[in-house]
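# Notes for the structure review
Here's the letter readout for the chains.
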Amino acid sequence: MATKIFDNILRRLEDIQKIEKLSDKEIELLSIPKRISKDELNIDGKKILAWRILFSDALGPGKGGIRFHPNVSEDEVKSLSFWMMIKNSLVDLPYGGAKGGVKFNPKEVDSETLQEISRKFVDGFFNVLGQDIDIPAPDVYTNSQIMAWMLDEYEKKVGHHEPGMITGKPLELQGCSLRDDATAKGAFIVIKEVVKDLIGEQKKELTFAIQGFGNAGQNIARMLNESGFKVVAVSDSKGGVHDEKGLDIKGLSKVKNEKKEVSADFNGRKVSNEELLELKVDVLVLAALENQITKENVDRIQSEYIIEIANGPITYDADKILFNKGVKIIPDILVNAGGVVASYFEWTQNRTGNILDEKYLEGLFESKMISSWKKVFSFFQEKQERIDLRTLSYILAIKKILSAERLRGNL
Ligand code: NAD
């Protein structure tokens, strides 16, 4: 049987217990979700499994997206809710961690069914959702339209307006314009800091390979390209393209959006997904799925730096091997936090009724991403680079959660 994602998390917690000398009670508090809600959505006589998991609410209400995907499982939703707990704490948001998932293939249903599933999700879980309880958002294969249906169903159920119960909404329903490409924007801000602090400005001709050419991957490729970095390879689930001189990202985006396949019209060198990961580039950006670098392919990875935009793209074992080889991995919980930071702005606007100036929010967004990176980086320097950036990020986040639990009298 394949290793569960949550088993990797437990192994990381064991490491942190040793480093920080945490008690068994503290580890238990960090290993068991506060609430697992599960339902079977009845769609045309067929039962579809759905979960909403609140991992922790020590720092505030739960916060985390809802994923529609045929491979959704309780193990995956639980792991994603754990990562949300860590991420929200690390970037100092007043949230606990949560996540939702519905196990079906959204590409195989029409819009009417998609709406029905979205509404039934809320019917099943509205008791555990709310602006002060647990606040969902989009994730893989869910979008602003789905958030709009969910909001509408929730408000029908509870009988009052409550836009702050969900984020990632369309602008007309009190969404926030920053949200669309916030994940890539946040990742780009972190990358620029990493180049300055870790790589060094002297390396002007940095080369990047990007796995995943969807929302996050395309946006980050565009941002890197526009600011003069060299993106030499990109791939999607059907394969990738490679040009050492640098790729025409705009042109590739056009092809991807028209033909759903980034390599469709490419005349140069095509590469498989495996080959893309193994290219000799300075920076590898992972923006596709979980478990992409494992014990099987880790020895063939040649990049010196890895940026994780996807959640959990490197397994526990591969992570250790890469660290011992000197590869610097900038972890998902920091790199992809831009999405939830923009969601936080949306939620505060919804709650107060104030509409904040976009320029002001952009400044706030940038300073939050930079200060989060600086916090992790200075801890890394303090530890003389002997502990990896992911473990240090976990430690910073966990200390705060445990302190909140102690103050509440739960420890
Ligand atoms: P998306 O569905 O828009 O894009 C995913 C891309 O990955 C697609 O181009 C797909 O073809 C490609 N892909 C799938 N399998 C692949 C493989 N084996 N090799 C190469 N490419 C492959 O999703 P997204 O919103 O861009 O999210 C990407 C990752 O970032 C996910 O792990 C998601 O959880 C994470 N993330 C996204 C956000 C966000 O706001 N978009 C926020 C936080 C984290």
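Conventions we followed
Residues numbered from 1 in each chain as written. Predicted model: local features only at pLDDT ≥ 70, side-chain atom pairs only at ≥ 80, totals over all residues. Heavy atoms only, no water. Pairing = 2+ DSSP bridges. Helix = DSSP H or I, 4+ residues; strand = E, 2+ residues; numbered from the N terminus. Axes fitted to C-alpha atoms, helices over the stretch in contact; angles between N-to-C directions. Parallel < 35°, antiparallel > 145°, perpendicular 65-115°, else oblique. Left-handed = near helix turned anticlockwise from the far one by under 90°. Contact = heavy atoms within 4.5 Å. Nonpolar A, V, L, I, M, F, W, Y, C, P; charged D, E, K, R; others polar. Phe/Tyr/Trp six-rings, centres within 6.5 Å; stacked < 30°, edge-to-face > 60°. Lys NZ or Arg CZ within 6 Å of the ring centre and 35° of its normal.

### Some words on the sheet that holds strand β2 (residues 46-56)
The four strands lie next to each other as β1-β2-β5-β4, forming an open sheet whose pairing is mixed. The two strands at the open ends of the sheet, each matched to only one other strand, are β1 (35-43) and β4 (66-68). Mean inter-strand twist for the sheet, computed between neighbouring axes without regard to direction, equals 15°. Where β2 and strand β5 (residues 97-102) come together, six bridges link them in antiparallel fashion. Each residue of the ladder has a partner; that of Ser-56, found in β5, is Gly-97.

### Let's talk about the packing of helix α6 (residues 182-199) against helix α7 (residues 215-226)
At a minimum axis separation of 9 Å, α6 and α7 run at an interaxial angle of 45°. Between α6 and α7, the interaxial angle falls into the category oblique. When you trace α6 past α7, the crossing you get is right-handed. In contact with Ala-184, Lys-185, Ala-187, Phe-188 and Ile-191 of α6, α7 contributes Ala-216, Asn-219, Ile-220, Met-223 and Leu-224. Partitioning the contact of α6 with α7 into residue classes produces eight nonpolar, one polar and one charged.

### Things to note about the packing of aromatic side chains
Enumeration over the complete set of coordinates arrives at twelve aromatic pairs. Aromatic pair Tyr-344 and Trp-347: ring centres 6.2 Å apart, planes at 35°, arrangement tilted. With a gap of three residues between them, Tyr-344 and Trp-347 both fall in helix α12 (residues 338-352), about one helical turn apart. Site record: aromatic cluster; members linked through ring pairs are Phe-6, Phe-55, Phe-82 and Tyr-394. A cation over a ring is seen here: Lys-78 above Phe-6, with NZ or CZ 4.3 Å from the ring centre.

### Focus: the sheet that holds strand β13 (residues 328-330)
Read from one edge of the open sheet, seven strands run β10-β9-β8-β7-β11-β12-β13, paired in mixed fashion. Lying at the two open borders of the sheet, with one neighbouring strand each, are β10 (269-271) and β13. Pairwise comparison of adjacent strand axes, ignoring direction, gives a mean angle of 20° for this sheet. Pairing of strand β11 (residues 283-286) with strand β12 (residues 305-308) involves four bridges; the strand directions are parallel. Paired with Val-283 across the two strands is Tyr-305, which belongs to β12. α7 rests against β7 (207-211), β8 (230-236) and β11 of the sheet, and its axis sits at about 165° to β7.

Worth remembering: the numbers are spatial, not functional.
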